Amino acid sequence: MSNWLAEQIAATNEPSSELPDRIKNILKSNYAKKIITNELIVLKNNIQGKEAGNIIRLYEILQLKDSSIKKLYSKKWYVKAKGIHELYTMDQRDLLKIIYKNANSKNELVRTEAQTGIVHMYGFDGLRFLSVISNPITEWQQIKLLAQLQNQQPSNVFLKKLNEWLRSKNDTVITFCLKIAAIYSIKEALPIIHQTCLKHNNAFVRKTAIETLVSFPQQTETSALKALYKLETKQNKIAILTVLRKIGSRNDIQFLKEIVLSEDIDLAKEAMITLLKIAPDMITWKEQLFVQKNKVTRFTLHALDELAYQ
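Computed from a predicted structure; not experimentally measured.

(A) Quick peek at the environment of T212. As for its position among the elements, T212 is in helix α13 (residues 203–212). In contact with T212, other than residues within four places in its own chain, are L178, A182 and I193.

(B) Here's a closer look at helix α3 (residues 30–46). In this model, α3 (17 residues) spans 25 Å end to end at C-alpha, consistent with the 24 Å of a helix rising 1.5 Å per residue. Buried within α3 we find A32, K33, I36, T37, L40, I41 and K44. The backbone nitrogen of Y31 has a side-chain oxygen 3.3 Å away, supplied by the residue at the start of α3, namely S29.

(C) Summary view of the packing of aromatic side chains. Per the stated rule, a full pass over the model turns up five aromatic pairs. Measuring from centroid to centroid gives 5.4 Å for F124 and Y184, while their planes differ by 80°, and the two rings are edge-to-face. Here F124, found in the loop between α8 (108–122) and α9 (139–148), pairs with Y184, found in the loop between α11 (171–183) and α12 (190–195); they are 60 residues apart in sequence, far enough to count as distant. Accessibility expressed as a relative area gives 23% for Y184, which makes it partly exposed. Ring centres of F158 and W165 lie 5.8 Å apart, and the angle between their planes is 50°; on these two criteria the pair is classed as tilted.

(D) Structural detail: the side chain of N236. Along the chain, N236 falls in helix α15 (residues 234–247). Residue N236 is classed as buried on the basis of its relative accessible area of 2%. A distance of 2.8 Å separates polar atoms of two side chains, one belonging to N236 and the other to E232.

(E) Looking closely at the nonpolar core. Counting residues in each nonpolar core, the largest one holds 87 residues, and the members touching the most others are L40, L62, L127, F129, L130, L166 and I180. Beyond its immediate sequence surroundings of up to four residues, F129 is in contact with Y100, A103, Q115, I118, V119 and L145.

(F) Representation of the state of the cysteines in the model. Under the defined criterion, the tally for this structure stands at zero disulfides. Free of any disulfide, C177 has its nearest neighbouring cysteine sulfur in C197, separated by 9.2 Å. By relative accessible area, C177 is classed as buried at 0%. Owing to a relative accessible area of 0%, C197 belongs among the buried residues under this scheme.

(G) Structural context of the packing of helix α5 (residues 64–72) against helix α6 (residues 77–89). α6 packs onto α5 with a crossing angle of 140° between their chain directions and a minimal axis gap of 7 Å. When the interaxial angle is binned, α5 and α6 end up oblique. The chirality of how α5 crosses α6 is left-handed. Residues K65, S68, I69, K71 and L72 of α5 form the contact with α6, whose own contacting residues are V79, K80, K82, G83, I84, E86 and L87. Considered class by class, the residues forming the contact of α5 with α6 number five nonpolar, two polar and five charged.

How each quantity is defined
Residues numbered from 1 in each chain as written. Predicted model: local features only at pLDDT ≥ 70, side-chain atom pairs only at ≥ 80, totals over all residues. Heavy atoms only, no water. Helix = DSSP H or I, 4+ residues; strand = E, 2+ residues; numbered from the N terminus. Contact = heavy atoms within 4.5 Å. Expected span 1.5 Å × (residues − 1). Buried < 20%, exposed > 50% of the residue type's maximum accessible area, 1.4 Å probe, protein only. Polar contact = N/O pair within 3.5 Å; in protein donor to acceptor, adjacent residues only side chain to side chain. Phe/Tyr/Trp six-rings, centres within 6.5 Å; stacked < 30°, edge-to-face > 60°. Core = buried A, V, L, I, M, F, W, Y, C linked by side-chain atoms within 4.5 Å. Disulfide = S-S within 2.5 Å. Axes fitted to C-alpha atoms, helices over the stretch in contact; angles between N-to-C directions. Parallel < 35°, antiparallel > 145°, perpendicular 65-115°, else oblique. Left-handed = near helix turned anticlockwise from the far one by under 90°. Nonpolar A, V, L, I, M, F, W, Y, C, P; charged D, E, K, R; others polar.

So, in C-alpha cells, the structure goes:
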C-alpha cells in the first residue's frame, strides 16, 4: 500500500479515481483506513506543491474524507478533534461552517483544533471567530495561531475588526490581538491601546498592552507610561521599566532615579539597569550612591551591588 501511495503522490498526473482491486480490499478495514489517513496527514504536513495536491486528491478518492466527517460529528471530544484536524490538514474548505461551529466548544482541544483549522485555511480572515468566542484562548493556542499566520500580512477584514476585538469582553481576545498589533506594528491600534487597554481592569491585559508599546517607539510618549507607573502592580511596573529601557530617553532620568532610591530591591534594580541603558554616563551617579549611603536604603544598595558585577 505504501509503495502504491508513493507512486500516486509522485505521479505527474492527478491520481485516478479508479482503484485497483487490492487497494479496495485493503480499504474494507477501518484499521487500514486509520493507518493510511495518518500516513497521508504526515506527508501533507511535510510536502508542498503538486505532490500536496495529489495527497489531498488521494484522501478524497480513498473515501478517507468520509471517515473524517464521521469523526467530526462524534460525541466523543477526542474523536471530534481528530476529525477536525484531518479535515483542515487536507484543506476541506467545504466543511468550514461545521468546523466554525466548534470554535467556541466547551472542550478545549476541540475548540483549539477548530480555531487552528479555520486560520490554517483562511489566514487572518479566519480570525472572525474572535467576535463570538466566550471561552479563553490559552497562551499555547495563541502561539499556535500566530504560527499559522506566519509569513502573512493582516487582511483588510482583520484591520477593520481589530479595534472591536481590542474592546472584547473576552480578555484573551484582547491580549491575542495586542500581540498581533505588536508583531505587525499596526499603528492604527494605538488610540485604543492607550484609551482602553492600558486602563483595563485586568492587570495582565494592561501588562500586554504596556509590552506592545515597544513596537511603536516613535509614536509612544513615555509620559503616559510614567503616569501609569504609580497605579500599577509590581509586575506591571517592571514591564514599564523594561519598555522604557527600549524607548526611553534622557527625559526619563529623573523618574528612574527616584525609583532607584525606592526600598523595593527588584524595582530599584530594574530602574538602574534602564537608567544606565538610556544614559550610560549615569554610571558616575551610581558610584556616588555607594558612598552616600545615608541616601539609599540597604535594600537598594544590595541591588546596586549586584549590578556592579553584571
